[in-house]
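Take a look at the letters that make up each chain.
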Amino acid sequence: MLSLASMRYRDVFADDGGPIERVLTGDCAVLGHKQKQANAFLRPELSAGKPSHAIYGQADGTGSAESPSIACHMAISEALERWAFLATHRSKEGDRYGFNVDRSSNGMAAFPGLFRAQAARRARMEALERYALISWWDGRFAAELVASPFPGVDVVRIQHNAGRGEVVILVQKSRAGVAYGHAAGATLTSATFKAAVELARADFVITSHRAKGAIVQAANYLERRALHFSTDAGHDQFLTKLYSRPSRPAPSWRPVFDGEIAGPWSRWTTVWRCAVAMPTNDFLEPEADFFFW
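Here goes a summary of the coordinates provided.

Considering all chains together, one arrives at 15 salt bridges under this definition. Residue R43 is joined to E45 by a salt bridge in which the shortest nitrogen-to-oxygen separation is 2.7 Å. Judged by relative accessible area, which is 24%, R43 ranks as partly exposed. Across the pair R157 and E144 runs a salt bridge whose closest N-O atoms are separated by 3.0 Å. Taken together, the positions of R157 in strand β6 (residues 153–159) and E144 in strand β5 (residues 142–146) put the pair 13 residues apart, joining distant regions of the chain.

What follows deals with the packing of aromatic side chains. The relation between two aromatic rings is expressed through the spacing of the ring centres and the mutual angle of the planes. All chains considered together, the criterion is met by 22 aromatic pairs. Taking the centre distance of 4.9 Å and the plane angle of 65° together, the rings of F283 and F292 count as edge-to-face. Across the pair, exposure class does not vary: F283 and F292 are buried alike. Site record: aromatic cluster; members linked through ring pairs are W136, W137, Y180, F229, F238, F283, F290, F291, F292 and W293. Over the ring of F41 we find R22, and its NZ or CZ is 4.0 Å from the ring centre. Cation over ring: K241 sits above W137, and NZ or CZ is 5.2 Å from the ring centre.

Right, let's talk about helix α6 (residues 232–242) for a bit. For an α-helix, the turn length of 3.6 residues means that residues three or four places apart are oriented alike. Those residues of α6 lying buried are G234, H235, F238 and L242. One side of α6 holds all its buried residues, which, seen down the axis, span an arc of 100°. Away from its buried face, by an angle of more than 90 degrees, α6 presents the exposed residues D232 and T240. If you follow the buried residues of α6, they end up packed against α3 (116–137), β5, β6, β7 (166–174), β8 (177–185) and α5 (221–229).

Definitions and cut-offs
Residues numbered from 1 in each chain as written. Predicted model: local features only at pLDDT ≥ 70, side-chain atom pairs only at ≥ 80, totals over all residues. Heavy atoms only, no water. Salt bridge = Lys/Arg side-chain N within 4 Å of Asp/Glu carboxyl O. Buried < 20%, exposed > 50% of the residue type's maximum accessible area, 1.4 Å probe, protein only. Helix = DSSP H or I, 4+ residues; strand = E, 2+ residues; numbered from the N terminus. Phe/Tyr/Trp six-rings, centres within 6.5 Å; stacked < 30°, edge-to-face > 60°. Lys NZ or Arg CZ within 6 Å of the ring centre and 35° of its normal. Arc of directions from axis to C-beta. Contact = heavy atoms within 4.5 Å.

And the structure:
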């Protein structure tokens, strides 16, 4: 995809009147391959209302790539997407963008491209990932183990009914616990390599948390779930679901909104949402051990 980030993000920082307060960069490893990771932070007044995090950190956007500049651009895009979500999901305009059907940020994507369709394609893939994952855990889709390109990593393919695109979950055991990464892509290969980045982040977070013992506690139910499924008991739940047949009717892929969320962030990027009606809202219930965080 053709990105115009180097041009459109030239004045995105607060010193130039933009929304990004700072970007921090460092090294990371994705299944043995060195990459750069960037964390972007919005100006505090723009991130008001976001969930607190004790384990996953306070960054508003994160990006990983071999190129430091691409990692920074990815992190900034994700932070701008977060800004758009926080500004609209509880506003008077929220229903227009499908937040009355799904009040999470599912199906949102930001991309500083030449054409809006670039952001739209990314939003559809993000919506597909969440639709397939939630439907599978709710007992509506089957899943299967497929060949993995990574030693010691299992690849689970979800058999969805939403047309083009593949959705996978990567699973890896370590001494710190079990880490997962999931993603959607145009092909099985692209979905798998996108999920590998999420897997690496999850493994790093879980390893760091376990090293701290009980000093740091989960700040919300999403972090609690991430820790739960990293344990033997949580992984057993995952395996039980994996080897179970669907027990409920398959849902229908039904977008309730598929369009741009315009706002002050549009000066720098296109934010698009593909909001799909989910088969259940249990993934938003704090007490549920739902495979979603």
